[in-house]
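# Topology and contacts: notes
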Amino acid sequence: MRPGEKVRFINTKKEYLAEEIGVLKMDMVPKKELRTGDVGYIVTGIKNATEVKVGDTITALTCPSDKAIEGFQEVKPMVFAGIYPIETEDYENLRTSLEKLQLNDASLTFMHESSAALGFGFRCGFLGLLHMEIVQERLDREFNMDVITTVPNVSYLIYDKQGECQEVHNPSGMPDPTLIEHVEEPYIRATVITTATYIGPIMTLCLGKRGELIKQDFIAGNRVEIEFLMPLGEIVIDFYDKLKSISRGYASFDYQSAGFRPSKLIKLDILLNGEPVDALSTLTHVDNAVTLGRRMCERLKDLLPRQQFDIAIQAAIGGKIVARETVKQVRKDVLAKCYGGDVSRKRKLLEKQKRGKKRMKQIGNVQVPQKAFLAVLKLDDD
(Lines give C-alpha, C1' and ligand atoms only; values in the text may rest on other atoms or scores of the structure.)
Protein backbone atom coordinates (compact mmCIF):
# COMPACT_ATOMS: atom_id res chain seq x y z
CA MET A 1 0.00 0.00 0.00
CA ARG A 2 1.38 3.40 -1.05
CA PRO A 3 0.47 7.09 -0.48
CA GLY A 4 -2.05 8.47 -2.99
CA GLU A 5 -3.75 5.10 -3.54
CA LYS A 6 -7.47 4.58 -3.08
CA VAL A 7 -8.36 2.10 -0.34
CA ARG A 8 -11.58 0.30 0.54
CA PHE A 9 -12.94 -0.83 3.91
CA ILE A 10 -14.37 -4.21 2.94
CA ASN A 11 -17.16 -4.58 5.52
CA THR A 12 -18.45 -1.00 5.37
CA LYS A 13 -17.88 -0.72 1.57
CA LYS A 14 -16.44 2.79 2.05
CA GLU A 15 -13.62 4.11 -0.17
CA TYR A 16 -11.04 6.75 0.79
CA LEU A 17 -7.78 8.24 -0.46
CA ALA A 18 -4.70 7.25 1.55
CA GLU A 19 -3.12 10.70 1.84
CA GLU A 20 -0.26 9.47 4.05
CA ILE A 21 0.92 6.10 5.28
CA GLY A 22 3.59 5.15 7.78
CA VAL A 23 4.64 2.90 10.64
CA LEU A 24 4.42 3.30 14.42
CA LYS A 25 7.79 3.50 16.22
CA MET A 26 6.84 5.29 19.44
CA ASP A 27 5.66 7.95 17.01
CA MET A 28 4.12 8.25 13.55
CA VAL A 29 6.91 7.78 10.96
CA PRO A 30 5.80 8.38 7.31
CA LYS A 31 6.93 5.78 4.73
CA LYS A 32 6.72 5.22 0.97
CA GLU A 33 4.87 1.93 1.36
CA LEU A 34 3.44 -0.57 3.85
CA ARG A 35 4.37 -4.23 3.46
CA THR A 36 3.35 -7.53 5.02
CA GLY A 37 3.91 -7.54 8.79
CA ASP A 38 4.15 -3.76 9.22
CA VAL A 39 2.18 -2.17 12.06
CA GLY A 40 1.24 1.13 10.51
CA TYR A 41 -1.28 3.87 10.06
CA ILE A 42 -3.24 5.45 7.21
CA VAL A 43 -4.26 9.13 7.12
CA THR A 44 -7.54 9.64 5.22
CA GLY A 45 -10.27 12.25 5.12
CA ILE A 46 -12.71 10.35 7.32
CA LYS A 47 -15.08 12.82 8.97
CA ASN A 48 -17.37 10.37 10.79
CA ALA A 49 -15.84 7.83 13.22
CA THR A 50 -18.88 5.53 12.85
CA GLU A 51 -17.69 4.70 9.31
CA VAL A 52 -14.69 2.82 10.78
CA LYS A 53 -15.37 -0.56 12.40
CA VAL A 54 -12.92 -2.34 14.71
CA GLY A 55 -11.64 -5.50 13.01
CA ASP A 56 -12.41 -4.37 9.46
CA THR A 57 -10.10 -5.21 6.54
CA ILE A 58 -8.57 -2.45 4.38
CA THR A 59 -7.54 -3.27 0.81
CA ALA A 60 -6.03 -1.23 -2.05
CA LEU A 61 -8.29 -0.69 -5.06
CA THR A 62 -5.39 -1.21 -7.51
CA CYS A 63 -5.02 -4.84 -6.36
CA PRO A 64 -8.02 -5.60 -4.16
CA SER A 65 -8.37 -8.61 -1.86
CA ASP A 66 -11.19 -11.01 -2.66
CA LYS A 67 -12.33 -11.54 0.94
CA ALA A 68 -11.94 -9.96 4.36
CA ILE A 69 -9.99 -11.47 7.23
CA GLU A 70 -12.33 -13.73 9.21
CA GLY A 71 -13.54 -12.87 12.69
CA PHE A 72 -15.07 -9.42 12.06
CA GLN A 73 -18.29 -8.80 13.99
CA GLU A 74 -20.45 -5.71 14.05
CA VAL A 75 -20.37 -4.08 17.50
CA LYS A 76 -23.83 -4.42 19.04
CA PRO A 77 -24.97 -2.62 22.21
CA MET A 78 -25.87 -5.03 25.02
CA VAL A 79 -27.28 -2.61 27.60
CA PHE A 80 -29.70 0.26 26.98
CA ALA A 81 -30.56 3.19 29.24
CA GLY A 82 -32.26 6.55 28.91
CA ILE A 83 -30.15 9.66 29.52
CA TYR A 84 -32.06 12.88 30.27
CA PRO A 85 -30.84 16.40 31.11
CA ILE A 86 -31.85 17.65 34.57
CA GLU A 87 -32.75 21.03 33.05
CA THR A 88 -34.97 20.88 29.93
CA GLU A 89 -33.07 23.69 28.20
CA ASP A 90 -29.88 21.56 28.27
CA TYR A 91 -31.33 19.08 25.74
CA GLU A 92 -29.38 20.46 22.75
CA ASN A 93 -26.18 20.68 24.82
CA LEU A 94 -26.60 16.99 25.73
CA ARG A 95 -27.05 16.07 22.06
CA THR A 96 -23.85 17.94 21.15
CA SER A 97 -21.95 16.27 24.00
CA LEU A 98 -23.04 12.77 22.91
CA GLU A 99 -22.06 13.51 19.31
CA LYS A 100 -18.58 14.57 20.45
CA LEU A 101 -18.24 11.44 22.58
CA GLN A 102 -19.21 9.34 19.57
CA LEU A 103 -16.25 10.75 17.60
CA ASN A 104 -13.78 8.64 19.58
CA ASP A 105 -16.20 5.95 20.81
CA ALA A 106 -18.00 4.51 17.80
CA SER A 107 -19.60 1.76 19.95
CA LEU A 108 -21.84 4.36 21.65
CA THR A 109 -25.25 4.65 19.99
CA PHE A 110 -28.07 7.03 20.83
CA MET A 111 -31.45 8.08 19.51
CA HIS A 112 -34.08 10.61 20.53
CA GLU A 113 -36.58 9.55 23.20
CA SER A 114 -39.21 11.29 25.31
CA SER A 115 -40.64 10.31 28.68
CA ALA A 116 -43.81 11.53 30.39
CA ALA A 117 -41.91 11.80 33.68
CA LEU A 118 -38.49 13.06 32.56
CA GLY A 119 -39.18 15.01 29.35
CA PHE A 120 -36.91 14.88 26.28
CA GLY A 121 -33.72 12.82 26.28
CA PHE A 122 -31.87 10.03 24.48
CA ARG A 123 -32.03 6.24 24.40
CA CYS A 124 -28.37 5.15 24.53
CA GLY A 125 -26.83 1.75 23.77
CA PHE A 126 -23.71 0.56 25.60
CA LEU A 127 -21.44 -2.48 25.36
CA GLY A 128 -21.94 -3.20 29.07
CA LEU A 129 -22.35 -1.65 32.49
CA LEU A 130 -18.72 -0.49 32.70
CA HIS A 131 -19.06 1.24 29.32
CA MET A 132 -22.23 2.98 30.58
CA GLU A 133 -20.47 4.21 33.73
CA ILE A 134 -17.54 5.53 31.65
CA VAL A 135 -19.89 7.50 29.37
CA GLN A 136 -21.68 8.97 32.41
CA GLU A 137 -18.36 9.98 33.97
CA ARG A 138 -17.11 11.56 30.74
CA LEU A 139 -20.33 13.55 30.32
CA ASP A 140 -19.79 14.95 33.81
CA ARG A 141 -16.03 15.60 33.65
CA GLU A 142 -15.49 16.67 30.03
CA PHE A 143 -18.79 18.41 29.23
CA ASN A 144 -20.04 19.41 32.70
CA MET A 145 -23.42 17.81 31.95
CA ASP A 146 -25.70 16.90 34.88
CA VAL A 147 -27.86 14.05 33.62
CA ILE A 148 -30.39 11.53 34.92
CA THR A 149 -29.84 7.92 33.83
CA THR A 150 -32.79 5.52 33.96
CA VAL A 151 -32.50 1.88 34.99
CA PRO A 152 -30.42 0.02 32.38
CA ASN A 153 -32.21 -2.73 30.49
CA VAL A 154 -31.52 -5.03 27.56
CA SER A 155 -33.03 -5.66 24.13
CA TYR A 156 -35.56 -8.43 23.57
CA LEU A 157 -36.61 -10.28 20.42
CA ILE A 158 -40.40 -10.42 20.01
CA TYR A 159 -41.80 -13.05 17.61
CA ASP A 160 -45.39 -12.49 16.47
CA LYS A 161 -47.83 -15.13 15.28
CA GLN A 162 -46.93 -14.40 11.64
CA GLY A 163 -43.34 -15.47 12.36
CA GLU A 164 -41.85 -11.97 12.07
CA CYS A 165 -39.18 -10.84 14.55
CA GLN A 166 -38.99 -7.40 16.17
CA GLU A 167 -36.23 -6.05 18.43
CA VAL A 168 -37.57 -4.09 21.40
CA HIS A 169 -35.43 -1.93 23.72
CA ASN A 170 -38.26 -0.36 25.72
CA PRO A 171 -41.38 -1.94 27.29
CA SER A 172 -43.57 0.78 25.73
CA GLY A 173 -42.57 -0.56 22.28
CA MET A 174 -43.97 -4.04 22.98
CA PRO A 175 -46.89 -5.15 20.78
CA ASP A 176 -50.21 -6.40 22.17
CA PRO A 177 -49.77 -9.68 24.15
CA THR A 178 -52.39 -11.41 21.98
CA LEU A 179 -50.15 -10.93 18.92
CA ILE A 180 -46.98 -12.36 20.52
CA GLU A 181 -45.94 -15.95 19.81
CA HIS A 182 -42.92 -15.93 22.16
CA VAL A 183 -40.21 -13.63 23.56
CA GLU A 184 -36.45 -14.25 23.55
CA GLU A 185 -34.03 -12.52 25.93
CA PRO A 186 -30.22 -12.27 25.74
CA TYR A 187 -28.18 -14.72 27.82
CA ILE A 188 -24.56 -14.48 28.94
CA ARG A 189 -21.88 -16.94 29.99
CA ALA A 190 -20.77 -15.51 33.34
CA THR A 191 -17.46 -16.44 34.98
CA VAL A 192 -16.90 -15.79 38.69
CA ILE A 193 -13.49 -16.37 40.32
CA THR A 194 -13.50 -16.38 44.11
CA THR A 195 -12.24 -18.25 47.17
CA ALA A 196 -13.87 -21.47 48.36
CA THR A 197 -15.28 -19.65 51.44
CA TYR A 198 -17.88 -17.78 49.40
CA ILE A 199 -19.04 -20.52 46.99
CA GLY A 200 -22.37 -21.04 48.83
CA PRO A 201 -23.60 -17.40 48.92
CA ILE A 202 -22.45 -16.78 45.31
CA MET A 203 -24.29 -19.86 44.04
CA THR A 204 -27.43 -18.78 45.93
CA LEU A 205 -27.20 -15.32 44.33
CA CYS A 206 -26.67 -16.65 40.78
CA LEU A 207 -29.40 -19.30 41.02
CA GLY A 208 -31.77 -16.65 42.41
CA LYS A 209 -31.09 -14.63 39.25
CA ARG A 210 -32.29 -17.57 37.10
CA GLY A 211 -28.73 -18.76 36.48
CA GLU A 212 -27.79 -22.30 35.39
CA LEU A 213 -24.53 -23.79 36.70
CA ILE A 214 -22.27 -24.94 33.83
CA LYS A 215 -19.08 -25.94 35.63
CA GLN A 216 -17.02 -25.42 38.76
CA ASP A 217 -13.21 -25.79 38.81
CA PHE A 218 -10.58 -25.33 41.53
CA ILE A 219 -7.84 -23.48 39.64
CA ALA A 220 -5.13 -22.92 42.27
CA GLY A 221 -5.04 -23.50 46.00
CA ASN A 222 -8.18 -22.04 47.53
CA ARG A 223 -9.42 -20.28 44.39
CA VAL A 224 -12.39 -21.58 42.42
CA GLU A 225 -13.82 -20.65 39.02
CA ILE A 226 -17.61 -20.95 38.59
CA GLU A 227 -19.40 -20.58 35.25
CA PHE A 228 -23.11 -19.83 34.92
CA LEU A 229 -25.51 -19.30 32.04
CA MET A 230 -27.62 -16.29 33.05
CA PRO A 231 -30.12 -13.82 31.55
CA LEU A 232 -28.40 -10.48 30.90
CA GLY A 233 -31.46 -8.61 32.18
CA GLU A 234 -30.91 -10.06 35.67
CA ILE A 235 -27.40 -8.66 36.12
CA VAL A 236 -27.67 -5.13 34.70
CA ILE A 237 -29.01 -3.45 37.86
CA ASP A 238 -27.60 -4.67 41.15
CA PHE A 239 -25.91 -8.03 40.55
CA TYR A 240 -22.32 -6.77 40.64
CA ASP A 241 -22.83 -4.81 43.87
CA LYS A 242 -24.43 -7.80 45.59
CA LEU A 243 -21.64 -10.10 44.37
CA LYS A 244 -18.97 -7.82 45.86
CA SER A 245 -20.94 -7.46 49.09
CA ILE A 246 -21.44 -11.17 49.81
CA SER A 247 -17.84 -12.01 48.86
CA ARG A 248 -16.35 -9.02 50.76
CA GLY A 249 -14.66 -8.00 47.52
CA TYR A 250 -12.97 -11.38 46.96
CA ALA A 251 -14.80 -12.16 43.69
CA SER A 252 -14.10 -11.13 40.10
CA PHE A 253 -16.83 -11.17 37.47
CA ASP A 254 -16.63 -11.41 33.68
CA TYR A 255 -19.15 -12.36 31.01
CA GLN A 256 -19.52 -13.07 27.29
CA SER A 257 -22.62 -12.98 25.13
CA ALA A 258 -24.31 -16.38 24.68
CA GLY A 259 -27.08 -15.46 22.23
CA PHE A 260 -30.85 -15.33 22.79
CA ARG A 261 -33.10 -17.91 24.43
CA PRO A 262 -36.91 -18.12 24.75
CA SER A 263 -38.20 -16.98 28.12
CA LYS A 264 -41.52 -16.36 29.88
CA LEU A 265 -41.40 -12.57 29.96
CA ILE A 266 -44.41 -10.33 30.47
CA LYS A 267 -45.02 -6.60 30.50
CA LEU A 268 -45.93 -5.12 33.89
CA ASP A 269 -47.89 -1.85 33.66
CA ILE A 270 -48.45 0.68 36.43
CA LEU A 271 -51.81 2.45 36.30
CA LEU A 272 -52.74 5.69 38.09
CA ASN A 273 -56.53 6.05 38.24
CA GLY A 274 -56.76 3.64 35.32
CA GLU A 275 -54.25 5.50 33.12
CA PRO A 276 -50.98 3.63 32.30
CA VAL A 277 -47.68 5.42 33.03
CA ASP A 278 -45.33 4.37 30.19
CA ALA A 279 -42.19 5.47 32.04
CA LEU A 280 -42.90 2.94 34.83
CA SER A 281 -43.67 -0.06 32.58
CA THR A 282 -41.17 -2.92 32.84
CA LEU A 283 -40.47 -6.27 31.21
CA THR A 284 -40.00 -8.94 33.84
CA HIS A 285 -40.06 -12.71 34.25
CA VAL A 286 -43.48 -14.15 35.01
CA ASP A 287 -42.27 -15.53 38.40
CA ASN A 288 -41.15 -12.07 39.61
CA ALA A 289 -44.04 -9.99 38.20
CA VAL A 290 -46.47 -10.04 41.15
CA THR A 291 -43.78 -9.33 43.76
CA LEU A 292 -42.32 -6.47 41.68
CA GLY A 293 -45.77 -4.99 41.04
CA ARG A 294 -46.62 -5.04 44.76
CA ARG A 295 -43.32 -3.34 45.70
CA MET A 296 -43.76 -0.62 43.08
CA CYS A 297 -47.31 0.12 44.24
CA GLU A 298 -46.19 0.33 47.88
CA ARG A 299 -43.31 2.67 46.98
CA LEU A 300 -45.55 4.94 44.88
CA LYS A 301 -48.11 5.16 47.69
CA ASP A 302 -45.45 6.70 49.94
CA LEU A 303 -44.13 9.07 47.27
CA LEU A 304 -47.17 10.46 45.43
CA PRO A 305 -48.53 13.71 46.90
CA ARG A 306 -52.14 13.54 48.12
CA GLN A 307 -54.84 15.12 45.97
CA GLN A 308 -58.41 16.18 46.71
CA PHE A 309 -59.57 12.82 45.34
CA ASP A 310 -58.48 9.20 45.89
CA ILE A 311 -55.60 8.00 43.66
CA ALA A 312 -55.75 4.31 42.76
CA ILE A 313 -52.30 2.83 42.09
CA GLN A 314 -52.52 -0.52 40.29
CA ALA A 315 -50.05 -3.01 38.83
CA ALA A 316 -51.47 -4.82 35.81
CA ILE A 317 -50.39 -7.72 33.61
CA GLY A 318 -52.44 -7.36 30.48
CA GLY A 319 -56.03 -6.91 31.73
CA LYS A 320 -55.38 -8.53 35.14
CA ILE A 321 -54.72 -6.35 38.21
CA VAL A 322 -52.13 -8.05 40.45
CA ALA A 323 -51.59 -5.35 43.10
CA ARG A 324 -53.32 -2.19 44.30
CA GLU A 325 -52.71 0.66 46.74
CA THR A 326 -54.75 3.83 47.33
CA VAL A 327 -53.51 7.32 48.18
CA LYS A 328 -56.31 8.74 50.31
CA GLN A 329 -57.82 12.10 49.42
CA VAL A 330 -57.35 15.32 51.36
CA ARG A 331 -60.73 16.08 52.99
CA LYS A 332 -62.07 19.30 54.41
CA ASP A 333 -64.12 19.01 57.58
CA VAL A 334 -67.42 20.37 56.24
CA LEU A 335 -69.18 19.58 59.54
CA ALA A 336 -66.94 21.92 61.54
CA LYS A 337 -69.54 24.71 61.36
CA CYS A 338 -72.39 22.46 62.56
CA TYR A 339 -72.92 22.82 66.31
CA GLY A 340 -75.73 20.35 66.92
CA GLY A 341 -78.89 20.81 64.80
CA ASP A 342 -80.78 18.34 62.66
CA VAL A 343 -78.84 15.34 61.30
CA SER A 344 -80.33 15.94 57.83
CA ARG A 345 -78.29 19.16 57.55
CA LYS A 346 -75.05 17.26 58.21
CA ARG A 347 -76.02 14.59 55.69
CA LYS A 348 -76.80 17.27 53.10
CA LEU A 349 -73.32 18.81 53.52
CA LEU A 350 -71.60 15.39 53.26
CA GLU A 351 -73.59 14.47 50.12
CA LYS A 352 -72.64 17.81 48.54
CA GLN A 353 -68.95 17.16 49.31
CA LYS A 354 -69.25 13.62 47.88
CA ARG A 355 -70.66 14.94 44.59
CA GLY A 356 -67.86 17.50 44.35
CA LYS A 357 -65.16 14.82 44.95
CA LYS A 358 -66.74 12.61 42.26
CA ARG A 359 -66.76 15.48 39.72
CA MET A 360 -63.16 16.39 40.61
CA LYS A 361 -61.99 12.80 40.06
CA GLN A 362 -63.45 12.86 36.52
CA ILE A 363 -61.45 15.95 35.55
CA GLY A 364 -58.47 15.43 37.91
CA ASN A 365 -54.99 14.66 36.58
CA VAL A 366 -52.22 12.80 38.44
CA GLN A 367 -48.64 13.88 37.74
CA VAL A 368 -45.76 11.64 38.85
CA PRO A 369 -43.13 13.95 40.38
CA GLN A 370 -39.59 13.40 39.14
CA LYS A 371 -38.25 12.42 42.59
CA ALA A 372 -40.97 9.77 42.93
CA PHE A 373 -40.17 8.38 39.50
CA LEU A 374 -36.45 8.11 40.27
CA ALA A 375 -37.09 6.48 43.66
CA VAL A 376 -39.26 3.80 42.04
CA LEU A 377 -36.41 3.03 39.63
CA LYS A 378 -34.17 2.24 42.63
CA LEU A 379 -36.35 -0.47 44.18
CA ASP A 380 -33.34 -2.77 44.50
CA ASP A 381 -31.63 -0.38 46.91
CA ASP A 382 -33.95 -1.49 49.72
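Further up the page is the structure itself.
A few points on the structure.

What counts, and at which threshold
- Counting restarts for each chain, with residues numbered from 1 along the sequence as it is written.
- Given that this is a predicted model, residues contribute local features only at a pLDDT of at least 70 and side-chain atom pairs are listed and counted only at 80 or more, while totals for whole chains, interfaces and linings are drawn from all residues.
- In computing side-chain properties, one takes all heavy atoms of the structure into account and sets aside hydrogens as well as water.
- A pair of strands is treated as paired once DSSP finds two or more bridges between them.
- Each helix is a run of H or I in the DSSP string that is no shorter than four residues. Each strand is a run of E no shorter than two, and both are numbered from the N terminus.
- Note on method: axes are straight lines fitted to C-alpha atoms, helices fitted across the in-contact stretch only, with angles between N-to-C directions ranging 0 to 180 degrees.
- Residue contacts are defined here by distance: any two heavy atoms, one from each residue, within 4.5 Å place the two residues in contact.
- Each Phe, Tyr or Trp ring, with Trp reduced to its six-membered ring, pairs with another whose centre is within 6.5 Å; inter-plane angles below 30 degrees give stacked pairs, above 60 give edge-to-face pairs, and intermediate values give tilted ones.
- Burial classes: relative accessible area under 20% of the type maximum marks a residue as buried, over 50% as exposed, and values in between as partly exposed (1.4 Å probe, protein chains only).
- Whether a charge sits over a ring depends on NZ of Lys or CZ of Arg being within 6 Å of the ring centre and within 35 degrees of the ring normal.
- A cavity here means a set of 1 Å grid points, computed over protein atoms only, where a 1.4 Å probe fits but cannot escape. A pocket is an open set with protein on both sides within 12 Å along at least 5 of 7 lines, and lining residues have an atom within 4 Å of a point.
- Grid points are joined across faces, edges and corners, and a volume is the space filled by probe spheres set on the points.
- The classification used treats Ala, Val, Leu, Ile, Met, Phe, Trp, Tyr, Cys and Pro as nonpolar, Asp, Glu, Lys and Arg as charged, and all other residues, Gly among them, as polar.

## A few points about the sheet that holds strand β5 (residues 40–43)
Read from one edge to the other, the open sheet built from three strands follows the order β4-β3-β5, with strand pairing classed as antiparallel. Across the chains shown, the open sheet's two edge strands, defined by having one partner strand only, are β4 (28–30) and β5. Looking at each pair of strands side by side, their axes are set apart by 35° on average, direction ignored. As paired strands, strand β3 (residues 20–24) and β4 are joined by three bridges and run antiparallel to one another. Residue pairing across strands places Val23 opposite Val29, the latter belonging to β4.

## Description of unusual backbone geometry
Here the phi dihedral of Asn144 falls at roughly 55°; this positive angle occurs in a residue that is not glycine. Turning to its location among the elements, Asn144 is positioned in the loop between α2 (129–143) and β10 (147–149). Phi at Arg210 takes a positive value of approximately 65°, unusual for a residue other than glycine. By the secondary structure assignment, Arg210 is in the loop between α3 (199–208) and β14 (212–220).

## Let's talk about the sheet that holds strand β7 (residues 79–85)
Ordered by their spatial adjacency, four strands build an open sheet running β8-β9-β7-β10, and the pairing between neighbours is antiparallel. Of all strands in the sheet, those with a lone pairing partner are β8 (109–115) and β10, marking the two edges. Taken over all neighbouring pairs, the strand axes of this sheet differ in orientation by 30° on average, direction set aside. Where β7 lies against β10, three bridges are found, and the strand directions are antiparallel. Each bridged residue has a counterpart across the sheet, and for Ile83 the counterpart in β10 is Thr149. Contacts between helix α1 (residues 91–103) and the sheet are confined to β7, β8, β9 (119–126) and β10, with β9 contributing the most and set at about 15° to the helix.

## Description of the packing of aromatic side chains
Across all of its chains, the model carries four aromatic pairs by this definition. Between Phe9 and Tyr16, the ring centres sit 5.4 Å apart and the planes meet at 90°, which makes this aromatic pair edge-to-face. Residue Tyr16 is classed as buried on the basis of its relative accessible area of 11%. Cluster of aromatic residues (ring-pair linked, three or more members): Tyr91, Phe110, Phe120 and Phe122. A cation over an aromatic ring shows up here: Arg261 above the ring of Tyr187, its NZ or CZ 4.7 Å from the ring centre.

## Let's talk about empty space enclosed by the protein
Following the criterion strictly, the structure yields one cavity of 30 Å³ or more and no others. Looking at the largest cavity, the residues that line it are Leu101, Asp105, Leu108, His131, Ile134, Val135 and Arg138. Among the residues making up the lining of the largest cavity, the classes are represented as four nonpolar, one polar and two charged.

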